[in-house]
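# Observations on the model geometry
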Amino acid sequence: MHVSASVFFLLISIIYGSSVVPQNFTSSMRYAILSIVFLALYSCDTSDPDQIQFADNPVIAHRGAWKTQGHPQNSIASLREAIALQCAGSEFDVRMTADDVLIVTHDKDYADLLVEESSYAELAQYLLPNDEVLPTLEDYILAGMKDNSTTGLVCEIKPSATAGRNEEMAAAVIALVERLGAEKYMSYYISFSHKILMEIERLSPTARTLYLDGSIAPERLKIAGLTGLDYHIAKYRKKPHWIYEAKSQDLVLNAWTVNDTADIDWLLKNDFDLITTDEPELARERAARYQTTDDWPLVWADEFDYEGAPDPEKWGYETGFIRNQEDQYYTDSLRNSRVEDGHLILETHRERMINAAYKNDNVKSWKQNRSHAEYTAASLTTKDLAEWQYARIDIKAKLPAGRGLWPAFWMLGANWKEVGWPKCGEIDIMEHVGYEPDNIFGTIHTESYNHMRGTQKGKDIFINNPYDSFHVYSLIWTPETMDFLLDDVVYNSIPNEHLTEAEWPFDQKFHLKINVAVGGMLGGREGIDDSAFPNQMIIDYVRVYQAEL
Ligand code: MG
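One structure accompanies this document, and this report is about it. What you see is a predicted model; the values in this text were computed from it and never measured.

## Focus on the environment of Tyr236
- Following the sequence through the fold, Tyr236 ends up in helix H9 (residues 233-238).
- Placed 202 residues apart in sequence, Tyr236 and Asp438 show a C-alpha to C-alpha distance of 17 Å.
- Excluding anything up to four places from it in sequence, Tyr236 contacts Leu229, Asp230, Tyr231, Ile243, Leu253, Asn254, Ala255, Trp266 and Phe272.

Here is the structure:
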């Protein structure tokens, strides 16, 4: 506890009696005054630990909120600013001096002195740029306990290369927190050292620990007993499935150090628990502005809770050879598409089918110069039945497996007939090619951005076993953005650049198609494995949500 010299003197005077205290004070009066002084100290300087309730936002100020006001990083001023901004947390870095004083500083040297080889007295000769004394961890925690009911202390313990030092630091930090009664203020302990976090967990089982290094899969952190992961945002961009895995394991998700609006928005969309940032004001503003799609009403759905042909009020068929020089012949037969056991089944067969549009082998059109097809499949469409402008579309499905298969959930613009492809715009909610079993793609094609020019805007995401387990493939399409999701994780976000319809033809209605193609320009690149037939795509539901106007 920080007790100023004058209060300290007063306490000593009261306890031991002195000239400043009247001699006729009884000891009970002295205790009464003592109690009042203590009460005053606790109630004025320190928040009631039971009153601390971390603010309902995901923002962690990285090394405090230092940037806007020009405070030094890791200064008490930056911590106080983070509290003033009501960030959910304020992060700081802890090291230990040669004489075992825990201090708050980032680098392993301070004022050209190595922290681990210098005493606190040597280091503290040098003030921070704002004339603050180099804060000890005790100073820092006490400053964080003062008039603070919103902002958790996020304590990063910097690993040491000296043997045994990491365990010592972990023990010293926990001992200090216990001595100060600061447990409730310490929202997270974070570290690049797995060993430090394991030691923290061992010493203080209620402590919450986040691993920083980015090298460990979420599942293994869970097994190790850590609370969550706090990885560099690039790691999540590269491995978005870790977001899904972390959520399924109930791990806390944090990312560092996220200063860019698009990155902050991406983490918000992915419902990160925490966002560590040098721009807490910006992150607070983006978080306040963020709108979830959770309350969008369902406007259209097929749950496939009937038997037989797909509901004709919802689905039409494409038949014959249609596009991309694909090898399948689409049919409206129950053999290729039907509803059974609560699912829509698209079944693809290797079987010979006469081409009704065949003219002769020498006509130019591939649709007319093939006398027959070697495969049959189905392509369902909501064209002329249902179209939407801006929506969230969720499709839960298992994909068919096999080289040469090309299942897709995708959309075309309503003006397709008038202006043609790619001017009408295409939204590929999910595409998968059988020769890349661990990947799916989410892509847009427009007049400016399309695969004929190699300028399409798409991204792939790793998928774990799309064949034997259901996954949810989603699109969230607003006037501003096109987001592609796998299992609720946004892996590709395409912003409306507000240029022309050549870049963004998406301010019109689109219809939905669901199909399994065989071969063709993308699916057939590595040939067709004929042992993969027959096969099924199994769809549990298609749901369309739209924001209330
Ligand atoms: Mg740090």
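Picking up after the structure, the text goes on.
## Examining a negative patch on the surface
- Where like charges cluster on the molecular surface, the negative patch consists of Asp271, Asp273, Asp294, Asp295 and Glu548.
- Its place among the elements puts Asp271 in the loop between helix H11 (261-269) and strand S11 (274-277).

## Some words on the pattern of salt bridges
- In the structure shown here, the tally under the stated rule is 27 salt bridges.
- Between Glu279 and Lys67 there is a salt bridge; the shortest N-O distance is 2.7 Å. Of this pair, Glu279 sits in the loop between S11 and helix H12 (280-289) while Lys67 is found in the loop between strand S1 (59-61) and helix H3 (76-84), placing the two residues 212 residues apart along the sequence.
- Judged by relative accessible area, Glu279 falls into the partly exposed class, the value being 21%.
- A relative accessible area of 39% places Lys67 in the partly exposed class.
- Salt bridges sharing common partners tie together Arg63, Asp93, Glu156 and Lys158.

## Some thoughts on the nonpolar core
- Core analysis: the largest hydrophobic core is formed by 66 residues, its most contacted members being Phe92, Leu137, Ile141, Val173, Tyr189 and Tyr236.
- By residue number, the principal contributor to this core is helix H6 (residues 165-180), which donates 7 residues.
- Both domain 2 (51-289) and domain 3 (298-545) contribute no fewer than three residues apiece to this core.
- Listed in part, the 48 residues of the second largest apolar core include Ala378, Phe409, Ile463 and Phe484.

## Here we look at the packing of H11 against H12
- Put simply, H11 and H12 touch, their axes get as near as 10 Å, and they point 45 degrees apart. The pairing of H11 with H12 is recorded here as oblique in orientation. The two elements H11 and H12 meet at a crossing, and its hand is right-handed. Here Thr261, Ile264, Asp265 and Leu268 of H11 lie close against H12, whose contacting residues are Leu282, Ala283, Arg286 and Ala287.
- A breakdown of the residues in the contact of H11 with H12 according to their chemical character gives 5 nonpolar, 1 polar and 2 charged.

## Section: the packing of aromatic side chains
- All chains considered together, the criterion is met by 18 aromatic pairs.
- Geometrically, the ring pair formed by Phe304 and Trp315 is stacked, given 6.3 Å between the ring centres and 20 degrees between the ring planes. With Phe304 in the loop between strand S12 (298-302) and strand S13 (316-318) and Trp315 in the loop between S12 and S13, this pair connects stretches of sequence that are 11 residues apart.
- Judged by relative accessible area, which is 0%, Phe304 ranks as buried.
- Every member of this aromatic cluster is reached through a ring pair, and the members are Tyr211, Tyr231, Tyr236, Trp242 and Phe272.
- When the ring centre of Tyr449 is taken as reference, the NZ or CZ atom of Lys457 above it lies at 4.5 Å.
- The ring of Trp410 carries the charged tip of Lys513 above its face, separated from the ring centre by 5.6 Å.

## Observations concerning the coordination of the magnesium ion
- Bound to the magnesium ion are the protein donor atoms Glu91 (OE), Asp93 (OD) and Glu156 (OE), situated 2.0 to 2.2 Å from the metal.
- Mapped onto the sequence, the residues coordinating the magnesium ion show the spacing E-x1-D-x62-E. With Glu91 in strand S2 (residues 89-96) and Glu156 in strand S6 (residues 152-157), this pair connects stretches of sequence that are 65 residues apart.
- Using a relative accessible area of 5% as the deciding quantity, one classes Glu156 as buried.

## Quick look at the side chain of Ser193
- Mapping Ser193 onto the fold places it in the loop between strand S7 (186-191) and helix H7 (194-203).
- Within the local environment of Ser193, its side chain forms a polar contact with the backbone nitrogen of Ile196, the two atoms lying 2.9 Å apart.
- The residues contacting Ser193, other than those within four sequence positions of it, are Pro159, Asn166 and Tyr211.

## Some thoughts on the packing of helix H5 (residues 137-145) against H6
- Relative to each other, H5 and H6 sit at 40 degrees, their axes nearing to 11 Å. One finds that H5 runs oblique with respect to H6. In this structure, the crossing between H5 and H6 has a hand that is right-handed. Residues Leu137, Glu138, Ile141, Leu142 and Met145 of H5 lie in contact with H6, whose contacting residues are Val173, Leu176, Val177, Arg179 and Leu180.
- Looking at the contact of H5 with H6, its residues break down into 8 nonpolar, no polar and 2 charged.

## Topic: the pairing of S7
- Among the 6 residues that make up S7, 6 are buried, leaving the element largely enclosed by the rest of the structure.
- Tracing the backbone out of S6, into H6 and back to the parallel element S7 gives a crossover that is right-handed.
- The pairing of S7 with strand S8 (residues 209-211) spans 3 bridges and is parallel. Along S8, the bridge assignment pairs Ser191 with Tyr211.
- Crossover connection from S7 via H7 to parallel S8: handedness right-handed.

Rules used in this analysis
- Residues numbered from 1 in each chain as written.
- Predicted model: local features only at pLDDT ≥ 70, side-chain atom pairs only at ≥ 80, totals over all residues.
- Heavy atoms only, no water.
- Helix = DSSP H or I, 4+ residues; strand = E, 2+ residues; numbered from the N terminus.
- Contact = heavy atoms within 4.5 Å.
- Patch = residues over 30% accessible without salt bridge, like charges linked within 9 Å, V, L, I, M, F, W, Y side chains within 5 Å.
- Areas by Shrake-Rupley, 256 points an atom, 1.4 Å probe, with all protein chains shown as cover.
- Salt bridge = Lys/Arg side-chain N within 4 Å of Asp/Glu carboxyl O.
- Lys, Arg positive; Asp, Glu negative; His and termini not counted.
- Charge placed at Lys NZ, Arg CZ, Asp CG, Glu CD.
- Buried < 20%, exposed > 50% of the residue type's maximum accessible area, 1.4 Å probe, protein only.
- Core = buried A, V, L, I, M, F, W, Y, C linked by side-chain atoms within 4.5 Å.
- Domains from an automatic or database assignment.
- Axes fitted to C-alpha atoms, helices over the stretch in contact; angles between N-to-C directions.
- Parallel < 35°, antiparallel > 145°, perpendicular 65-115°, else oblique.
- Left-handed = near helix turned anticlockwise from the far one by under 90°.
- Nonpolar A, V, L, I, M, F, W, Y, C, P; charged D, E, K, R; others polar.
- Phe/Tyr/Trp six-rings, centres within 6.5 Å; stacked < 30°, edge-to-face > 60°.
- Lys NZ or Arg CZ within 6 Å of the ring centre and 35° of its normal.
- Donors = N, O, S within 2.8 Å, 3.2 Å for Na, K, Ca; no water.
- Polar contact = N/O pair within 3.5 Å; in protein donor to acceptor, adjacent residues only side chain to side chain.
- Right-handed = clockwise from strand over helix to strand, strands pointing away.
- Pairing = 2+ DSSP bridges.

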